Amino acid sequence: MAELIIPGPQGRIEARYTEPPYEGAPIALILHPHPKAGGTMQDPITIMLYQMFERHGFGVLRYNSRGVGRSQGQYDQGVGELEDAAYVLDYVENLSESPRFVWCAGYSFGAWITLQLLMRRPEIDGFLAVSPPANHYDLSFLAPCPASGLIVSGDSDSISSPEDVERALTKVRVQKGEQIDRARIKGANHFYQDKREELIGLCEEYLLQRLADAEEKLRLEAEKD
């Protein structure tokens, strides 16, 4: 894992990066929780998501959004943070040689930015949104959601309850052929205390199934040719 300083829209962006293990390997971008609530790229769940993608052969990048850690600039109500995410995605794509898949994952505020990024970047193939704060932010911009992914909540989350997420998703449409899966973790609060391994296990199971489905689809297409 390398430490990077990326020249971003508001100055330098501090990042951690694991190179893709082979040419054409998939890549993933990981987004951290709310900067005003102490969220950084060193958040435990952010690191665990990073390590999960790393284990499965992805090139992975996580970073501090503007005003966090050694990243320059200041918090911008989500507008500048989305700009940072799009800029860093460009950067990691330019570091990679024709990645097979592009994924994005975020936790809490980072999940909200992830979902917004989907709408602007059609190359994103899949996403993991952990506890998006649907009680604070509207999700109706997912109209329609252009990629399949997983939204996870803890059923004891008082900050972003599963009910808030379900209510927000009633306004969301999905493009034909895409699907938003939902999962709840019993007894988990917003910080997944004592439930983090279960959370990552759930995300990992989803990721591996998606990768297997993609391989099968490619195999069937090759057989047709």
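Scroll up to find the structure.
Note that the structure is a prediction, hence the values are computed from the model and not measured. (Residues numbered from 1 in each chain as written. Predicted model: local features only at pLDDT ≥ 70, side-chain atom pairs only at ≥ 80, totals over all residues. Heavy atoms only, no water.)

J.: I tried to follow the overall build of the chain on my own but got confused; where do I start?
T.: Check the secondary structure of the chain and you find 5 helices and 8 strands. Computed over C-alpha atoms, the radius of gyration of the chain comes to 17 Å, within 12% of the 17 Å expected from 2.2 N^0.38 for 225 residues, which places it in the range of a compact globule. By principal-axis analysis of the C-alpha atoms, the chain measures approximately 55 × 40 × 35 Å. Within the chain, buried positions represent 54% of all 225 residues. Residue pairs at least 24 apart in sequence account for 69% of intrachain contacts in the chain once pairs closer than 6 positions are excluded. Of the roughly 10500 Å² that the chain leaves accessible, carbon and sulfur atoms contribute 47%. One way to put it: in the chain the 23 positive side-chain charges average out to a point 4 Å from where the 34 negative ones average out. (Helix = DSSP H or I, 4+ residues; strand = E, 2+ residues; numbered from the N terminus. Rg over C-alpha atoms; globule rule 2.2 N^0.38 Å. Buried < 20%, exposed > 50% of the residue type's maximum accessible area, 1.4 Å probe, protein only. Contact = heavy atoms within 4.5 Å. Areas by Shrake-Rupley, 256 points an atom, 1.4 Å probe, with all protein chains shown as cover. Lys, Arg positive; Asp, Glu negative; His and termini not counted. Charge placed at Lys NZ, Arg CZ, Asp CG, Glu CD.)

J.: What's the story with the pattern of salt bridges in this structure? I'm lost.
T.: Pairs may arise between side chains of opposite charge once their charged atoms sit close together. Per the counting criterion, the structure on display carries 17 salt bridges. Between Glu14 and Arg70 there is a salt bridge, with its nearest N and O atoms 3.2 Å apart. On the criterion of sequence distance, the pair formed by Glu14 in strand S2 (residues 11-18) and Arg70 in the loop between strand S4 (59-63) and helix H2 (79-95) is long-range, its members being 56 residues apart. Owing to a relative accessible area of 41%, Arg70 belongs among the partly exposed residues under this scheme. As a salt-bridge pair, Arg100 and Glu215 come within 3.1 Å of each other at their nearest N and O atoms. (Salt bridge = Lys/Arg side-chain N within 4 Å of Asp/Glu carboxyl O.)

J.: Got a minute to help me understand the environment of Leu150 in this structure?
T.: By the element assignment, Leu150 lies in strand S7 (residues 148-154). Considering only alpha carbons, one finds Leu150 and Leu128, 22 residues apart in sequence, at a separation of 5.0 Å. In this structure Leu150 touches Phe127, Leu128, Ala129, Asp181, Arg182, Ala183, Leu202, Cys203 and Tyr206, once residues within four positions along its chain are discounted.

J.: Hey, could you run me through the sheet that holds S4 in this one?
T.: Strand pairing within a sheet occurs via backbone hydrogen bonds; the two strands may be parallel or antiparallel. As summarised here, the arrangement of the 8 strands in space is S1-S2-S4-S3-S5-S6-S7-S8, forming an open sheet in which the pairing is mixed. If you trace the sheet from one side to the other, it starts and ends with strand S1 (2-8) and strand S8 (180-185), each paired once. Neighbouring strand axes in the sheet, compared pairwise and without regard to direction, differ in orientation by 20° on average. Across 6 bridges, S7 lies against S8 in parallel orientation. Looking across to S8, one finds that Leu150 is bridged to Asp181. Strand contacts of helix H3 (residues 109-120): strand S3 (27-31), strand S5 (102-107) and strand S6 (126-130), with the helix running at about 150° to S5, the strand carrying the most contacts. Sitting on the sheet, helix H4 (residues 162-169) is in contact with S7 and S8, with an inclination near 170° to S8. (Pairing = 2+ DSSP bridges. Axes fitted to C-alpha atoms, helices over the stretch in contact; angles between N-to-C directions.)

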